[in-house]
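Commentary on secondary and tertiary structure
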Amino acid sequence: MSIQAKAVIGALYGDEGKGLMVDRLAAVTPGAVVVRSNGGAQAGHTVVDPAGRRHVFHHVGAGSFAGAATHFSRFFVAHPMLLLDELAALKALGVTPGISSDPRAPVTTPFDVIINQALELARGTARHGSCGLGFGETIERNLRPEFALSTKDLFRPDLHALLVSIRDGWVPGRLAALGITALPEELAAVLADDITIAGFEADCAAYLDHVTLWPDRRLCERGTVIFEAAQGLCLDQNRGAFPHVTRSNTGLANIRAIAAEAGVTELDAVYATRCYTTRHGAGPLKGEVPTLRGVNVVDPTNAPNEWQGSLRLAPLDLFMLRKAIADDLTSDRGGIAVKAGLAVTCLDQTEDGFAVTDQEEVIRLDPVKAAPDIADFVGLTLWAESWGPRRRDVRLYVEAAVA
C-alpha cells in the first residue's frame, strides 16, 4: 500500500515563504499533521490567515490556522520556555493546536542558551550568525549521554539532579573547551541562580501539559503528513559554507529518515524560494546589494535584531538555486519515491524588468511570467506561486501539490 506525504523545503537561506506554503497545503489537506523535520525555536515561519490574523510560527506547525495538528520529530529541538509563550500568543488568536512529540526530540535548557550567547558575543565581529537560542549547543550537549536531555526525560523523577549535573558538570567543561574564561555579568548571574533551574522545571511540567508523546513511526495514524523544514538548503550543516550553517540537515535527509520510520512510500517535495534572495545573519551572500532594483521588499518578520542584524538582499541566483536543489534530490532517498516541484514567492513585490542572475548573466523578468521562467531555469515543474502573504494569494498548479 502506498502512503503519500508532502514536504515544504527552503531552497536557499531560509525566509522563502515556507510558512505560507505549509498553510496553503494544510488548507486543502483535511486532517493534516505538520511535522517539524529539523531546527527548533529559531525558525520563524510567518502566516497570515484569511481573517488577517498574523503569527510567526517558531515551534508550532505553520498549518495551525488551517486546523492542522503539529508533531515534533526526533530531529526537532524543543524549547519549553519559548513554546509556552507561543501557545499563549496563539490562544489569544483563538488557536489551540494539538501537539505531539517523538520521545527522542532533544530539549534545550537555559544553560544551552547561556553558552550559545556567551560564545556568539565572544566572537565579536566574527559572529557565525546564531539566533542566540541555544539550538546548536543543545545538539552538542546531547552527544554526551550523561548530559543528554530529550522529551522523554522530562518525566524522569531525577530531572532536577540531571539539570544540576548539566549546570555544574557540562557547562564549565564546555566553556573551557570553547576558550571562554568568564561569562558576561548578566549571563553569569542567571547561571548561578537556583531560580533558573526551578523556573525551567516549571516550564517543563507545563510543556508536558500541552505535548503528547507519540513516536515518529506512528505518524501516519495522526493524519496526512506535511513535513515543514526549517532554514534552507544553503544553511545545511553538511552543504552550507561552514561555519555559517545550522546544526541540522535542512532538506530531504531528515525527512526521508522520518518518512521511512513512518512507512511513507511517496513524497511530494515543494522547494520554496523568493523571487529574490535574502539572508539573515553572517555568512557569504553572492551579489549582495543594499537595495534591489525593481523589488519593493516587504518583510515585517525579519526585523533587525541583536543576534542576526538586518535582513540582507541579493538578486536570485539561479545557478545556486539549481545546484542546491539538485544536490538535495540526488542524495539517497531511502527507497522513497520523491517528486519535486518549485514554489516562487513574493512576486507581488516585483516591478517589470526586475533581475535574477545565472552565473554571471543578468536576466530581466516580467513579474507575470517570472515564476514559470524561474522554474524552467531550475529544471523543475512550477507547483505554486504567491502574490501576497495569505493563502488566497497562492496559486497551486500541479495536482501533486494538492492531492
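Above this text sits the structure in question.
Right, let's walk through the structure included here. (Residues numbered from 1 in each chain as written. Predicted model: local features only at pLDDT ≥ 70, side-chain atom pairs only at ≥ 80, totals over all residues. Heavy atoms only, no water.)

Looking at the overall build of the protein chain
In terms of helices and strands, the protein chain carries ten helices and 16 strands. Relative to the compact-globule value of 22 Å for 403 residues, the protein chain shows a C-alpha radius of gyration of 21 Å, a close match. Taking the principal axes of its C-alpha atoms as reference, the protein chain extends roughly 60 × 50 × 40 Å. Within the span of the protein chain, comprising 403 residues, buried residues form 56% of the whole. Look at the contacts in the protein chain between residues 6 or more apart in sequence, and 76% of them connect residues 24 or more apart. Element-wise, carbon and sulfur atoms account for 54% of the exposed surface of the protein chain, whose accessible area totals about 16,100 Å². (Helix = DSSP H or I, 4+ residues; strand = E, 2+ residues; numbered from the N terminus. Rg over C-alpha atoms; globule rule 2.2 N^0.38 Å. Buried < 20%, exposed > 50% of the residue type's maximum accessible area, 1.4 Å probe, protein only. Contact = heavy atoms within 4.5 Å. Areas by Shrake-Rupley, 256 points an atom, 1.4 Å probe, with all protein chains shown as cover.)

Some details on the pattern of salt bridges
Counted under the stated rule, the structure contains 23 salt bridges. A salt bridge links Glu385 to Arg395; the nearest nitrogen and oxygen atoms lie 3.7 Å apart. Of this pair, Glu385 sits in strand 15 (residues 381-386) while Arg395 is found in strand 16 (residues 394-396), placing the two residues ten residues apart along the sequence. Residue Glu385 is classed as buried on the basis of its relative accessible area of 3%. (Salt bridge = Lys/Arg side-chain N within 4 Å of Asp/Glu carboxyl O.)

With respect to the pairing of strand 9 (residues 266-274)
Summarising burial for strand 9: eight of the nine residues are buried, a large majority. Relative to strand 9, strand 1 (residues 4-10) is paired through seven bridges, and the arrangement is parallel. Within the sheet, the bridge partner assigned to Ala5 lies in strand 9 and is Leu267. As defined by bridge partners, strand 9 adjoins strand 12 (residues 337-345) across nine bridges and the pair is classed as parallel. Paired with Ala269 across the two strands is Ala340, which belongs to strand 12. (Pairing = 2+ DSSP bridges.)

Some remarks on the nonpolar core
Core analysis: the biggest nonpolar cluster contains 57 residues, and Phe227, Leu267, Tyr271, Ile325, Leu342 and Ile374 have the highest contact counts within it. Sequence-distant contacts of Tyr271, defined by excluding residues within four places in its chain, comprise Ile9, Ala11, Leu233, Leu252, Ile325, Asp328, Leu329, Ala340, Gly341, Leu342, Ala343 and Leu380. Leu20, Val34, Leu149 and Val211 belong to the second-largest nonpolar core, a separate cluster that totals 56 residues. (Core = buried A, V, L, I, M, F, W, Y, C linked by side-chain atoms within 4.5 Å.)

Structural notes on the sheet that holds strand 13 (residues 354-358)
The four strands lie next to each other as 10-11-13-14, forming an open sheet whose pairing is mixed. Of all strands in the sheet, those bounded by a partner on one side alone are strand 10 (276-279) and strand 14 (361-365). The mean angle between the axes of side-by-side strands here comes to 45°, regardless of whether they run parallel or antiparallel. In this sheet, strand 11 (residues 312-317) lies alongside strand 10 in antiparallel orientation, the contact comprising four bridges. Residue Thr277 lies in a different strand from strand 11, and its bridge partner there is Ala314. (Axes fitted to C-alpha atoms, helices over the stretch in contact; angles between N-to-C directions.)

As for helix 9 (residues 318-329)
The terminal C-alpha atoms of helix 9, which comprises twelve residues, lie 16 Å apart, in line with the 16 Å expected from a rise of 1.5 Å per residue. By the burial criterion, the buried members of helix 9 are Leu318, Leu321, Ala324, Ile325, Asp328 and Leu329. Here the buried residues of helix 9 occupy an arc of 135° about the axis, which is enough to place them on one side. Put simply, Asp317 is the residue that caps the front of helix 9, since its side-chain oxygen is 3.1 Å from the backbone nitrogen of Phe319. (Expected span 1.5 Å × (residues − 1). Arc of directions from axis to C-beta. Polar contact = N/O pair within 3.5 Å; in protein donor to acceptor, adjacent residues only side chain to side chain.)

Here's the deal with the environment of Phe65
Counting through the fold element by element, Phe65 comes out in the loop between strand 4 (54-57) and strand 5 (69-72). Along the chain, Phe65 and Thr96 lie 31 residues apart, while their C-alpha atoms are 9.4 Å from each other. With near-sequence residues (within four places) excluded, Phe65 lies in contact with Asp23, Val47, Asp49, Arg53, His55, Phe57, Leu93, Val95 and Arg391.

A closer look at helix 7 (residues 194-210)
With 17 residues, helix 7 ought to run about 24 Å at 1.5 Å a step, and its terminal C-alpha atoms sit 25 Å apart, in line with that. Taking the backbone nitrogen of Ile195 as reference, a side-chain oxygen 2.9 Å away marks Asp193 as the first, capping residue of helix 7.

Things to note about the sheet that holds strand 1
Pairing within the open sheet is mixed, and its ten strands lie in the order 7-6-5-2-8-1-9-12-15-16. The sheet terminates laterally at strand 7 (211-213) and strand 16, the two strands that pair on one side only. For this sheet, the mean angle separating the axes of adjacent strands, direction not counted, is 25°. Pairing of strand 5 with strand 6 (residues 99-101), which is carried by three bridges, proceeds in the parallel orientation. Residue pairing across strands places Thr70 opposite Ile99, the latter belonging to strand 6.

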